[in-house]
Amino acid sequence: MGSSLMVNGFSVDATFHKQEIDELFVPLLQQATERYHRTNRRIVIFLAAVPGAGKSTLAAFLEQLSETTGCLPLQVLGMDGFHYNQQYLKTHTHNNVPLSAIKGAPETFDVRQLQKKLQQIKTEDTDWPVYDRNIHDVIPDKIHVSSPVVLIEGNYLLLDEPEWNTLHNMADITVFVKTEPDLVINRLIRRKMRGGLDEQQASEWVHRSDYKNVLRVLQNVCEHDYTWTQTEDYHFTKG
């Protein structure tokens, strides 16, 4: 099944196999719908994966799919809106390294603010920040959260490290996408090039920063409900 999706401000053509739709995606949407009707409160799904695994594209497809399956409509939210803003990154350090030099690492996110917002959306409608890849900065209160089911996608939602490892208990359903590190390298380089770097600069950044974050996510993951494994052709299988 092919779809044209808007992902982080870019148009993306995505194709998913009928098997992964029927065996993974639709059951997830059905489970969220059933839980909502049983509890009569907003259901929160976490979709966590390494940088470059295509989780934003997958999340956008799930949002679109929810409109055609008889399930409750799904609203997608990104964790990236909780990046510290550019000014903060330029003026603060971690282990004597400027945060701007490791942008994208867990230390460059305001995890406490994310915790507060997650607690809030469980019980009320609210506004949610986004990270704009065109301006490379955060836009506060960009999305109004109102759907009965929300899916939050991000790299570190299931990270088993202090502070981060409190988040998974705030979700009703958790999905972790497992992938081989080398699968995402070229995708990360292309992403940096879309952001304005040349190929050499993009490659240097990815190997200095993003690749470390990939390993960190894969090696430190909290307990979760479902594991989806990404194949070499960027599709998904169970377990």
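So, here is what we can say about the structure in this document.

The subject of this paragraph is the overall build of the protein. The number of helices and strands found in the protein is 6 helices and 12 strands. For 239 residues, the compact-globule formula gives about 18 Å, and the C-alpha radius of gyration of the protein, at 17 Å, lands near that figure. Seen along its three principal axes, the alpha-carbon backbone of the protein occupies a region of about 50 × 35 × 30 Å. When burial is assessed residue by residue, the protein has 48% of its 239 residues classed as buried. A sequence separation of at least 24 residues applies to 72% of the contacts in the protein between residues at least 6 apart. When the accessible surface of the protein is summed, it comes to about 11700 Å², and 46% of that surface belongs to carbon and sulfur atoms. The averaged location of the 31 negative side-chain charges in the protein is 3 Å from the averaged location of its 24 positive side-chain charges.

Below, the discussion takes up the pairing of strand E4 (residues 74-78). Buried residues dominate E4, accounting for 4 of its 5 residues. Pairing of E4 with strand E9 (residues 149-154), which is carried by 5 bridges, proceeds in the parallel orientation. From the neighbouring strand, Val 76 faces E9, where its bridge partner is Leu 151.

Let's shift gears to unusual backbone geometry. Here Glu 163, not a glycine, exhibits a phi torsion of approximately 75 degrees, which is positive. Turning to its location among the elements, Glu 163 is positioned in the loop between E9 and strand E10 (173-178). Of note in this structure, Tyr 234 is not a glycine but carries a positive phi near 65 degrees. With respect to the helices and strands, the residue Tyr 234 is situated in the loop between strand E11 (226-230) and strand E12 (236-238).

When two helices pack together, you describe them by how their axes are tilted relative to each other and by the distance separating the axes. Packing of helix H1 (residues 18-39) against helix H2 (residues 55-66) leaves a shortest axis separation of 10 Å and a crossing angle of 70 degrees. Looking at the two axes, H1 sits roughly perpendicular to H2. Judged by the twist between their axes, the crossing of H1 over H2 is right-handed. Touching Ile 21, Phe 25, Val 26, Leu 28 and Leu 29 of H1 are Leu 58, Phe 61, Leu 62, Leu 65 and Ser 66, all from H2. For the contact of H1 with H2, the residue count by class is 9 nonpolar, 1 polar and no charged.

Conventions we followed
- Residues numbered from 1 in each chain as written.
- Predicted model: local features only at pLDDT ≥ 70, side-chain atom pairs only at ≥ 80, totals over all residues.
- Heavy atoms only, no water.
- Helix = DSSP H or I, 4+ residues; strand = E, 2+ residues; numbered from the N terminus.
- Rg over C-alpha atoms; globule rule 2.2 N^0.38 Å.
- Buried < 20%, exposed > 50% of the residue type's maximum accessible area, 1.4 Å probe, protein only.
- Contact = heavy atoms within 4.5 Å.
- Areas by Shrake-Rupley, 256 points an atom, 1.4 Å probe, with all protein chains shown as cover.
- Lys, Arg positive; Asp, Glu negative; His and termini not counted.
- Charge placed at Lys NZ, Arg CZ, Asp CG, Glu CD.
- Pairing = 2+ DSSP bridges.
- Axes fitted to C-alpha atoms, helices over the stretch in contact; angles between N-to-C directions.
- Parallel < 35°, antiparallel > 145°, perpendicular 65-115°, else oblique.
- Left-handed = near helix turned anticlockwise from the far one by under 90°.
- Nonpolar A, V, L, I, M, F, W, Y, C, P; charged D, E, K, R; others polar.

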